[in-house]
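So the chains spell out like this:
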Amino acid sequence: MLSDPLQLWGKRIGSAPSKTKSKDEADHDSRQASSPDSTVHDQEPHIEFMIDETLNSQVLELLSIHLPSTFITTPSLATRTLGIKLPILVLLVKNLGKYWSFEVTILDDRGEKRRFRASNFQTMTRVKPYITTMPLRMDPGWNQIQLNLADYTKRAYGTAYAETLRITIHANCRLRRVYFSDQLVPESELPAEFKLYLPVVKE
């Protein structure tokens, strides 16, 4: 078992380097350049472990006014790929009331790399040859987000999902767990370490 939860992840904190960007990347950056919650302006960008007051357990917080420059990604080396063939991606993530996005790069059965980017500031789904951007609707507080990558790949590109190459998670959010499975599993059947354990509110 790994002693460092981020051992397989690379991270970046701060301003992105100046470079020539595609129209899609520039649009992504401009939409993420400011936050609907002004409190983020008063805080330094950071990626750090903390105790969440709701779960009363350790989680990872990613916070920044400029989302593209603050993120975690796996594998940590750009020359490596995950090679995960399980089609269901699950994230246990907390909605902080700020802009947030994540991106998954997959390989399909034609040998093409496709990216799926989900964000809570996108208003509609857009399918382009190598990237699909999708709106992400989240409840207040903690959420379990499940992505059927095989289904998304078939619906967007008419091809079959082969494997996941990379995952990148941007600010602003808190993460409890990121994992893959071969099928959708009810929370009641999950192992203890994959449950949220939200406190029960007594009336």
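Residues numbered from 1 in each chain as written. Predicted model: local features only at pLDDT ≥ 70, side-chain atom pairs only at ≥ 80, totals over all residues. Heavy atoms only, no water.

Draft legend 1. Up close: the side chain of threonine 153. In this structure, threonine 153 sits in helix 2 (residues 149–157). When residues no more than four places from it in sequence are discounted, the contact partners of threonine 153 are Ile106, Asp108, Phe116, Gly158, Thr159, Ala160 and Tyr161. (Helix = DSSP H or I, 4+ residues; strand = E, 2+ residues; numbered from the N terminus. Contact = heavy atoms within 4.5 Å.)

Draft legend 2. Highlighting the packing of aromatic side chains. Applying the stated criterion across every chain yields a total of five aromatic pairs. On the numbers, 6.1 Å between centres and 45° between planes, the contact of phenylalanine 116 with tyrosine 152 is tilted. Taken together, the residues phenylalanine 116 in strand 7 (residues 113–119) and tyrosine 152 in helix 2 connect sequence positions 36 residues apart. A network of ring pairs unites the aromatic residues Phe116, Tyr152 and Tyr157 as a single cluster. A cation over a ring is seen here: arginine 114 above tyrosine 157, with NZ or CZ 4.3 Å from the ring centre. (Phe/Tyr/Trp six-rings, centres within 6.5 Å; stacked < 30°, edge-to-face > 60°. Lys NZ or Arg CZ within 6 Å of the ring centre and 35° of its normal.)

Draft legend 3. Layout of the pairing of strand 4 (residues 71–74). Neither face of strand 4 is exposed, since Phe71 and Thr73 on one face and Ile72 and Thr74 on the opposite face are all buried. Pairing between strand 1 (residues 10–12) and strand 4: three bridges, direction antiparallel. Across the sheet, glycine 10 pairs through a bridge with threonine 73, a residue of strand 4. As defined by bridge partners, strand 4 adjoins strand 11 (residues 161–170) across four bridges and the pair is classed as antiparallel. Each bridged residue has a counterpart across the sheet, and for threonine 73 the counterpart in strand 11 is threonine 168. (Buried < 20%, exposed > 50% of the residue type's maximum accessible area, 1.4 Å probe, protein only. Pairing = 2+ DSSP bridges.)

Draft legend 4. Layout of the sheet that holds strand 12 (residues 173–181). Reading across from one edge, 2-3-12-5-10 is the order of the five strands in this open sheet, with antiparallel pairing throughout. In the strand order of this sheet, the two ends are held by strand 2 (46–52) and strand 10 (141–148), each with one partner. Mean inter-strand twist for the sheet, computed between neighbouring axes without regard to direction, equals 35°. Relative to strand 12, strand 5 (residues 88–95) runs antiparallel, the two being bridged by seven bridges. Each residue of the ladder has a partner; that of leucine 89, found in strand 12, is phenylalanine 180. On the sheet, helix 2 packs against strand 5, strand 10 and strand 12 and is oriented at approximately 60° with respect to strand 10. (Axes fitted to C-alpha atoms, helices over the stretch in contact; angles between N-to-C directions.)

Draft legend 5. The arrangement of the side chain of serine 57 in detail. One can find serine 57 in strand 3 (residues 57–63). A relative accessible area of 17% places serine 57 in the buried class.

Draft legend 6. How the structure looks around unusual backbone geometry. Residue proline 75 is reached from threonine 74 by a cis peptide bond, and omega for that bond is 5°. Put simply, alanine 171 and asparagine 172 share a cis peptide bond, and its omega is 10°. Take asparagine 172: it is sitting in the loop between strand 11 and strand 12. One non-glycine residue, asparagine 56, adopts positive backbone phi at about 55°. Mapped onto the elements, asparagine 56 comes out in the loop between strand 2 and strand 3.

Draft legend 7. Inspection of the nonpolar core at higher detail. Within the largest apolar cluster, 29 residues are counted, with the highest numbers of intra-cluster contacts made by Ile72, Trp100, Phe102, Ile145, Ile169 and Leu175. When residues of this core are traced back to their parent elements, those giving at least two are strand 3, strand 5, strand 6 (101–108), strand 7, strand 10, helix 2, strand 11 and strand 12. Not counting chain neighbours up to four residues away, the residues in contact with leucine 175 comprise Val59, Leu60, Leu62, Ile72, Leu91, Leu92, Val93, Trp142 and Ile169. In terms of nonpolar packing, the next biggest core, distinct from the first, is built from nine residues, Leu55, Val59, Trp142 and Tyr179 among them. (Core = buried A, V, L, I, M, F, W, Y, C linked by side-chain atoms within 4.5 Å.)

Draft legend 8. Spatial organisation of the pairing of strand 5. Most of strand 5 sits out of view: seven of its eight residues are buried. Both strand 5 and strand 10 contribute to a ladder of eight bridges, which runs antiparallel. Bridging across to strand 10, leucine 92 finds its partner in glutamine 144.

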